[in-house]
Amino acid sequence: MEAVSTWDDASGPDFGPADQPGPPPLTMEERAGVLDDLAELEVFRTLLEPTGIKGIVVDCPDCDEEHHVDWALMQANLRQLLEEGQTGRHEPPFDPDPDDYVSWDYASGYADGIAAMAEREEPGGTGRGGKHARDD
């Protein structure tokens, strides 16, 4: 009895459909949010990198651990989210010092504090909250 092969010499083995459906595209609101995050991230980096802060710490819902993500990788992740609708897996830095990373909320509060100080120093400053304050 001769073995039946599923190998087609012209195309190779059949592994199923070649095109796996990707994630659905981001909505306009989601895209706007990611663009806002990119802009905020640049402000955070500009303010915090000179103080020795290397990036952002994020809570990973997949593994319930904190991931320390440097500024460039966080920016790349957000850009990939804009372009592909998802981010890929990235290796966290080896043995990061947690003191070198801050949460998004900390960075936002820091930026708000800097903005509020600058506003108070301006002639006619109102002393209200910074331009990065969120109502959430």
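The present account deals with the structure reproduced in this document. Not measured: the values here are computed from a predicted model. (Residues numbered from 1 in each chain as written. Predicted model: local features only at pLDDT ≥ 70, side-chain atom pairs only at ≥ 80, totals over all residues. Heavy atoms only, no water.)

Counting residues in hydrophobic clusters, the biggest one holds 17 residues, and the most contacted among them are L41, F44, L48, I56 and W71. When contributions to this core are tallied by element, the ones reaching two or more residues are helix 1 (28-48), helix 2 (71-84) and helix 3 (104-121). The dominant element in this core, judged by the number of residues it contributes, is helix 1, at 5 residues. With residues near it in sequence (within four places) discarded, I56 still touches L41, H67, H68, V69, W71, M74, Y101, V102, S103, W104 and A107. (Core = buried A, V, L, I, M, F, W, Y, C linked by side-chain atoms within 4.5 Å. Buried < 20%, exposed > 50% of the residue type's maximum accessible area, 1.4 Å probe, protein only. Helix = DSSP H or I, 4+ residues; strand = E, 2+ residues; numbered from the N terminus. Contact = heavy atoms within 4.5 Å.)

Here the focus is the pairing of strand 1 (residues 55-60). Within a regular strand, the side chains alternate between the two sheet faces. With 6 bridges joining them, strand 1 and strand 2 (residues 65-70) adopt antiparallel strand pairing. Looking across to strand 2, one finds that C60 is bridged to E65. Counting the residues in the hairpin turn of strand 1 and strand 2 gives 4 residues, including D64, whose phi is positive at 55 degrees. Taken together, the 2 bridges between strand 1 and strand 3 (residues 101-102) define a ladder with parallel strand orientation. Directly across from I56, in strand 3, lies its bridge partner V102. (Pairing = 2+ DSSP bridges.)

The next thing to look at is unusual backbone geometry. Trans peptide bonds make up the majority, and among non-glycine residues the majority have a negative phi. Positive phi values are uncommon outside glycine, yet D64 reaches one of about 55 degrees. With respect to the helices and strands, D64 occurs in the loop between strand 1 and strand 2.

Turning next to the packing of helix 1 against helix 3. In contact at an axis separation of 10 Å, helix 1 and helix 3 are set at 70 degrees when each is read in the N-to-C sense. Between helix 1 and helix 3, the crossing angle belongs to the class labelled roughly perpendicular. Contact residues: helix 1 offers D37, E40, L41, V43, F44, L47 and L48, while helix 3 offers W104, A107, S108, Y110, A111 and I114. Tallied by class, the residues present in the contact of helix 1 with helix 3 amount to 10 nonpolar, 1 polar and 2 charged. (Axes fitted to C-alpha atoms, helices over the stretch in contact; angles between N-to-C directions. Parallel < 35°, antiparallel > 145°, perpendicular 65-115°, else oblique. Nonpolar A, V, L, I, M, F, W, Y, C, P; charged D, E, K, R; others polar.)

In this structure the tally under the stated criterion is 0 disulfides. Unpaired in this structure, C60 has its nearest cysteine sulfur neighbour in C63, at a distance of 3.6 Å. When its relative accessible area of 33% is taken as the criterion, C63 is described as partly exposed. (Disulfide = S-S within 2.5 Å.)

Looking now at the sheet that holds strand 2. The strand order across the open sheet formed by 3 strands is 2-1-3, and the pairing between neighbours is mixed. A single partner strand is all that each edge strand has here, and the edge strands are strand 2 and strand 3. Across the face of the sheet, helix 2 comes into contact with strand 1 and strand 2 while running at roughly 100 degrees to strand 2.

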